[in-house]
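Here's the letter readout for the chains.
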Amino acid sequence: MTRLRRLAILAAALLLATVPAGASSVEKQFRAWLDADLWPTAKANGVSRATFEAAFAGVSPNLDLPDLVLPGKKAPVAQHQAEFRSPAAYFNENTVRGVTAGGRARLKRHRGTLAAIEKRHGVPAGIILAIWGRESGFGRAKIPHDAFQVLATKAFLSTRKEMFRTEVLAALVLADRNQINPRSMKSSWAGALGQPQFLPSSYLKFAADGDGDGRADIWNSEPDTLASIARYLDAHGWVRGRDWGFEVTVPRDVSCALEGPDRGRRIADWAAMGIKRVGGKPFPAHERDGEGYLMMPAGRFGPAFIVTPNFYVLKQYNESDVYALFVGHAGDRIAYGDRRFAGGWTAIDRLNRADIAAMQSGLERLGHDVGGADGLAGFKTRRSIGAWQTKNGRAPTCFPDAGLVRALR
């Protein structure tokens, strides 16, 4: 950190500490921060003063955004009162069908473009289309926010200031380098841009020209959007020629606690344990010697999968098991026709995230790594549940229920 920036941050901190947090006061402090802290770094990154002024002309902090800490206030305590829901909620059939039907229509429209993209990056058309559909409804979703207002507000006031400071600087470089009108740069409430919903730093690294006009326009060009999604996945390690995963049946004598990307083994070895693809087909010959991972997003209360490293590449796009599963499932349905999961989702107990967080804290006290007591049941929480259940003479389900919450609080 340069001496100049340290002095600017110190001056901004003193200002924040001494001025009340009324809306007009926040506006003044925001403007002071833009000039004293953000502008010198933007200038050092090659951003012109004209671009900087255009980006923030008439821009005030949006105090309605989530995860903000107003000057003079303490960071809000995390609240986990939201309902804890089954992963099944993510797979509403109307939503899945909307993405798959839309994807098939666009597969016909962009067949040549997608073939060229797949040849270059190795990513199947169905996967690319499923991400496009999930992220922005194939460009039809309203993306209403001013990117510079969102990013600058969060860089100034959010609980993750440094991350968003990096992103607002990347957005300034993007606008300056490509001569984009800042007011045309629309984003989500989290600052994600355009049809593939890239953060600005991802745009700078991965946006691609898919239509050959010399520009990467992820707001208006469908070929550019498709090429950018594929380039992102390719850069994050997509393994050419491998699938994302397979729905399977898991025998009762195979522990659900074997789940996780750090517990991989050859797919042939999973098959030797009695794990089978649904529908009776064997695993493809070219996959059998590749590494696979058990993935059970609802433990014994939902479908099970053997996934490949490509599943975890999909999680680089959105760090969520169910997001990656949605994309893989929708991609298969775009490519091969509509087929729902063979395994059903069992109804789960009504709990909220505070209940799950309390259970996770109980598991942590017993020495389990649950990945943090955040009220979400990721794979570390699921397999920790399974390990605790087995140790205590219970049939392992690897998923929260009311009895577990009571036992582990």
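Residues numbered from 1 in each chain as written. Predicted model: local features only at pLDDT ≥ 70, side-chain atom pairs only at ≥ 80, totals over all residues. Heavy atoms only, no water.

**Considerations on the state of the cysteines**
A covalent bond bridging the sulfur atoms of two cysteines is what the word disulfide describes.
In step 1: Scanning the entire structure with this criterion turns up one disulfide.
In step 2: With a sulfur-sulfur separation of 2.0 Å, cysteine 256 is cross-linked through a disulfide to cysteine 398. Handedness of the cysteine 256-cysteine 398 disulfide follows from its S-S torsion of about 85°: it is right-handed. One end of the pair, cysteine 256, is in the loop between strand S4 (245-249) and strand S5 (265-266); the other, cysteine 398, is in the loop between helix H15 (379-391) and helix H16 (402-408), with 142 residues separating them in the sequence. (Disulfide = S-S within 2.5 Å. Helix = DSSP H or I, 4+ residues; strand = E, 2+ residues; numbered from the N terminus.)

**What about the nonpolar core?**
Most often, soluble globular proteins have nonpolar side chains that are buried together.
In step 1: Counting residues in hydrophobic clusters, the biggest one holds 82 residues, and the most contacted among them are Phe56, Leu172, Met185 and Leu233.
In step 2: Counting residues in hydrophobic clusters, the runner-up holds 15 residues, among them Ala298, Ile385, Phe399 and Leu408. (Core = buried A, V, L, I, M, F, W, Y, C linked by side-chain atoms within 4.5 Å. Buried < 20%, exposed > 50% of the residue type's maximum accessible area, 1.4 Å probe, protein only.)

**Details of helix H14 (residues 353-365)**
In step 1: Relative to the 18 Å expected for 13 residues at 1.5 Å per residue, H14 spans 18 Å between its end C-alpha atoms, a close match to the ideal helical length.
In step 2: Taken together, the buried positions of H14 are occupied by Asp355, Ile356, Ala357, Ala358, Met359, Gln360, Gly362 and Leu363.
In step 3: Taken together, the buried residues of H14 touch strand S1 (83-84), strand S9 (351-352), H15 and H16.
In step 4: A distance of 3.1 Å separates the backbone nitrogen of alanine 354 from a side-chain oxygen at the start of H14, and that oxygen is part of asparagine 352.
In step 5: With its phi angle positive at about 95°, glycine 367 sits one or two positions after the end of H14. (Expected span 1.5 Å × (residues − 1). Contact = heavy atoms within 4.5 Å. Polar contact = N/O pair within 3.5 Å; in protein donor to acceptor, adjacent residues only side chain to side chain.)

**Focus on the environment of glutamine 149**
In step 1: By the element assignment, glutamine 149 lies in helix H7 (residues 147-157).
In step 2: Each C-alpha atom of the pair glutamine 149 and glycine 58 lies 9.5 Å from the other, and the pair is 91 residues apart in sequence.
In step 3: Excluding anything up to four places from it in sequence, glutamine 149 contacts Val59, Ser60, Pro61 and Asn62.

**Things to note about helix H10 (residues 222-235)**
In step 1: Given a rise of 1.5 Å per residue, 14 residues ought to cover 20 Å, and the 20 Å separating the end C-alpha atoms of H10 matches this to within 8%.
In step 2: Buried within H10 we find Glu222, Pro223, Asp224, Thr225, Leu226, Ala227, Ser228, Ile229, Ala230, Tyr232 and Leu233.
In step 3: Buried positions along H10 lie against helix H4 (93-109), helix H5 (111-121), helix H6 (125-136), helix H9 (200-206) and helix H12 (309-317).
In step 4: For H10, the N-terminal cap is serine 221; the gap from its side-chain oxygen to the backbone nitrogen of aspartate 224 is 3.1 Å.
In step 5: Directly beyond the C-terminal end of H10, a positive phi value near 105° is found at glycine 237.

**Description of the sheet that holds strand S6 (residues 276-277)**
In step 1: With antiparallel pairing, the five strands of this open sheet are ordered in space as S5-S7-S8-S4-S6. Among the strands making up the open sheet, the edge pair consists of S5 and S6.
In step 2: Here strand S7 (residues 291-295) pairs with strand S8 (residues 304-307) via three bridges, running antiparallel. Bridge pairing links leucine 294 to isoleucine 306 in S8.
In step 3: Running at roughly 65° to S7, H12 makes contact with S7 and S8 of the sheet. (Pairing = 2+ DSSP bridges. Axes fitted to C-alpha atoms, helices over the stretch in contact; angles between N-to-C directions.)

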